[in-house]
Amino acid sequence: MKFPYGLSDFGTLIQAGYWYQDRTDRIPLLEERGRQLIFLRPRRFGKSLLLSLLEHYYDLNRAGDFAALFGGLRIGRDPTPLHNQFFVMKWDFSLVKAQGEVHEIEAALHRHLNDRMTNFVADYADYWTRPIAICQDNAVSSLESLLAAIRATPHRLYLLIDEYDNFANEVLMAGQGQGHYESLLYGEGLLKTIFKAVKAAAGGLGLERVFITGVSPIVMSDMTSGYNVGENIYLDAPFNDLCGFTEAETATVLTGMAAAGVTWSPVEALETMRTFYNGYRFSEDAAEGLYNPTLSLYFLKTLTREGRYPRQLLDENLAMDRNKLAYIARLPQGEDLLVAALSGDDQVVIPELARRFGVEDMLRAVKDQPFMASLLYYFGVMTLADRGVLGKLALKVPNLVARALYVERLRDLWLPGYEERETVQRVAETLYLRGDLAPLCDFIETRYFRVLSNRDYRWTNELLVKFAFLTLLFDDRIYMAVSELETDRGYADLALIVRPDMRRYAALDLLLEFKYLGLKDLGLTGEQVRTQSRESLAALPAVAAKLDEAAEQARVYGAALRRRHGLTDLRACAVVALGVERLVWRALTEPGRPAPAP
């Protein structure tokens, strides 16, 4: 199989024999849904390929290629009457330079639209019966001339707009001045004027259909008066998997690849992809989560070409998503939201997703949790989970790749120094290779507890100690490091399961169960706890009881993990935090069988 990683041209994909997950059965649904549609998905989620599919399906000039392009697909067996009936023009706002002075940005926007219209006129040259004037400094005037020529033909225009919110994203992520954006979209700004022209054109002036894609609804309230006819379909259940792959589809591909004879296991490959790439849910009524298509194709292409998993399971083309978490973390209470999302204990709960907001809101409005959580949803680093108490909407981190971004952001905030990071790597590797917790616990006691306890969080018991270990041990190059990993009997606090492709190295599978005892519960002062040995602390009745409780949970969860992953040497530890002063632990050679501490 040839996998089209990074390829967004539908014609090339089909004609060159690349693998394609057929979504053409949604074309009739899209036609029925409306004539001016807005579809949002996170970056690199297949939106550009979707637009290319629509372009090839509706384009007048590609009528002769219909059988070659669509004959083997579902729509080819039962096409709609509208196939190959339109002039098709595509605008891509990501290609418009959004830096510089306002007049420079406006000039770049005029150039992009005029270039697209110039190419459009040339592509359909045989259809024109009246002249078309391209006005270099006024793309709106060019569009009016073009529409007049279109009305003189028996056909109409289908307009595709990709990354309509690019300017807003530049404002947020690149720190562009608010005045630039306001000049483009507010009042009689150029961008707003363009959308007003699109709205007018759809009122019988030659524009029949519009399909708009973007990442977030940031621009929607700003352009309402200019373009208030678009219908949002991004939360509709029939289009939940319009972009992205289901688990069944992913499993079918892996099984087909393995049939040719491979050294890797399709079952293990699916488990890895599920852990790292699955979990996106864009409609409350959707029955299952989706696999990120770009990351999945990245994985599958590497697996086909090199016979192994990618060493870095986060494609660096998606590293820009780190900037979005950094933006949220800078907002008041933004860091708290990242902690809440990553904790795994309580999902982030909001009344509803924010559906429409503008850059004015982004820059000046109060950033409450519903606002910030909605942004994280649109950015693709949170996803829909379920409805909770009083019908509120629960959000969660979708998968391990997204979780890695959260851990990186918090680790950067809490351990900014190079020397500290070098120390963390060294003590973590001691645990990975030898199962020795002492160096890591020493670091947490002497340095990391001080950092975390000074943060303005409402830490609850085990949460603080769990976050200390999670942020220090997370290493997706080696592990599937999962907090609150579900087993058949409950949730393990922190399981570090070696990736199947990394088992040739010496890393150990690890399971950590955490408990917490406040100093008041012990009847000791901080000074008394700090001066006692770990052995004497572990012998205290309250501490021993907590160690027993954690050990029993490790026994149950460890057995489930052994069965699930076929583990033969799972190292389990029961860890008890005594306030934010000390850590004691009990190492288990097997779940339930204590081993002497080193």
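Structure shown above.
So, how was this worked out
- Residues numbered from 1 in each chain as written.
- Predicted model: local features only at pLDDT ≥ 70, side-chain atom pairs only at ≥ 80, totals over all residues.
- Heavy atoms only, no water.
- Pairing = 2+ DSSP bridges.
- Helix = DSSP H or I, 4+ residues; strand = E, 2+ residues; numbered from the N terminus.
- Axes fitted to C-alpha atoms, helices over the stretch in contact; angles between N-to-C directions.
- Contact = heavy atoms within 4.5 Å.
- Salt bridge = Lys/Arg side-chain N within 4 Å of Asp/Glu carboxyl O.
- Buried < 20%, exposed > 50% of the residue type's maximum accessible area, 1.4 Å probe, protein only.
- Phe/Tyr/Trp six-rings, centres within 6.5 Å; stacked < 30°, edge-to-face > 60°.
- Lys NZ or Arg CZ within 6 Å of the ring centre and 35° of its normal.
- Parallel < 35°, antiparallel > 145°, perpendicular 65-115°, else oblique.
- Left-handed = near helix turned anticlockwise from the far one by under 90°.
- Core = buried A, V, L, I, M, F, W, Y, C linked by side-chain atoms within 4.5 Å.
- Nonpolar A, V, L, I, M, F, W, Y, C, P; charged D, E, K, R; others polar.

Caption draft 1: View of the sheet that holds strand β6 (residues 348–350). Strand order in this open sheet of three strands is β6-β8-β7, and the pairing throughout is antiparallel. With one partner strand each, in any of the chains shown, β6 and β7 (383–387) form the two edges of the open sheet. Each strand axis lies, on average, 35° off the axis of its neighbour in the sheet, ignoring direction. Relative to strand β8 (residues 393–396), β7 is paired through four bridges, and the arrangement is antiparallel.

Caption draft 2: Region of interest: the environment of G230. Inspection of the secondary structure assignment puts G230 in the loop between β4 (207–214) and β5 (231–232). A sequence separation of 20 residues divides G230 from V210, and the C-alpha atoms of the two residues are 8.4 Å apart. Those residues in contact with G230, other than ones at most four positions away along the chain, are Q36 and I38.

Caption draft 3: Local environment of the pattern of salt bridges. Counted under the stated rule, the structure contains 33 salt bridges. Here E306 makes a salt bridge to R305, at a shortest N to O gap of 2.9 Å. Note on R305: relative accessible area 52%, which makes it exposed. With a closest N to O distance of 3.1 Å, E527 and R530 form a salt bridge. Of this pair, E527 and R530 are both found in helix α23 (residues 526–531), three residues apart, which corresponds to roughly one turn of the helix. Given the relative accessible area of 39%, R530 is considered partly exposed. Three or more residues joined by partner-sharing salt bridges are found here, namely D22, D25, R26, R74 and D241.

Caption draft 4: Representation of the sheet that holds β5. The five strands lie next to each other as β2-β3-β4-β1-β5, forming an open sheet whose pairing is parallel. Sheet topology places β2 (86–92) and β5 at the edges, where each strand pairs with a single neighbour. Here strand β1 (residues 36–40) runs beside β4; their pairing, made up of five bridges, is parallel. Directly across from I38, in β4, lies its bridge partner I212. The strands that helix α3 (residues 47–58) touches are β1, β2, β3 (156–162) and β4; relative to β3, the one it contacts most, it runs at about 170°.

Caption draft 5: How the structure looks around the side chain of S374. Its place among the elements puts S374 in helix α17 (residues 369–379). Classification of S374 by relative accessible area gives buried; the value is 0%. Ignoring sequence-local partners within four residues, the contact set of S374 consists of I350, E352, L353 and A354.

Caption draft 6: Up close: the packing of aromatic side chains. The tally for this structure, following the rule as stated, stands at 34 aromatic pairs. Its end group placed over the ring of Y18, K2 keeps NZ or CZ at 4.5 Å from the ring centre.

Caption draft 7: Focus on the packing of helix α7 (residues 139–151) against helix α10 (residues 190–201). At a minimum axis separation of 10 Å, α7 and α10 run at an interaxial angle of 15°. Between α7 and α10, the angle is such that the two are roughly parallel. The hand of the α7/α10 crossing is right-handed. In this structure, α7 uses V140, L143 and L147 to contact α10, whose residues at the interface are T193, I194, A197 and A201.

Caption draft 8: Structural context of the nonpolar core. By size, the foremost hydrophobic cluster in this structure holds 207 residues, and its most contacted members are W91, F211, Y277, Y406, F469 and L473. Leave out the neighbours within four places in its chain, and Y406 touches L325, L338, A341, L342, L376, V381, M382 and V397.

Caption draft 9: Spotlight on the pairing of strand β12 (residues 570–578). β12 sits mainly inside the fold: eight of its nine residues count as buried. Alignment of strand β11 (residues 509–517) against β12, held across nine bridges, turns out to be parallel. When the bridges of β12 are listed, E513 appears paired with A574.

Caption draft 10: Fine view of the environment of R411. Relative to the helices and strands, R411 resides in helix α18 (residues 400–414). Distance from R411 to L472, taken between C-alpha atoms, is 7.7 Å for residues 61 residues apart in sequence. In this structure, R411 is in contact with P416, T471, L472 and F474, ignoring residues within four places of it in sequence.

Caption draft 11: Focus on the packing of helix α11 (residues 247–258) against helix α12 (residues 266–277). At a minimum axis distance of 9 Å, the contact between α11 and α12 shows a crossing angle of 145°. In this structure, α11 meets α12 at a crossing whose hand is right-handed. Two secondary-structure elements touch here, α11 through E247, T250, A251, L254, T255 and A258 and α12 through P266, A269, L270, M273 and R274. Residue composition of the contact of α11 with α12, by class: seven nonpolar, two polar and two charged.

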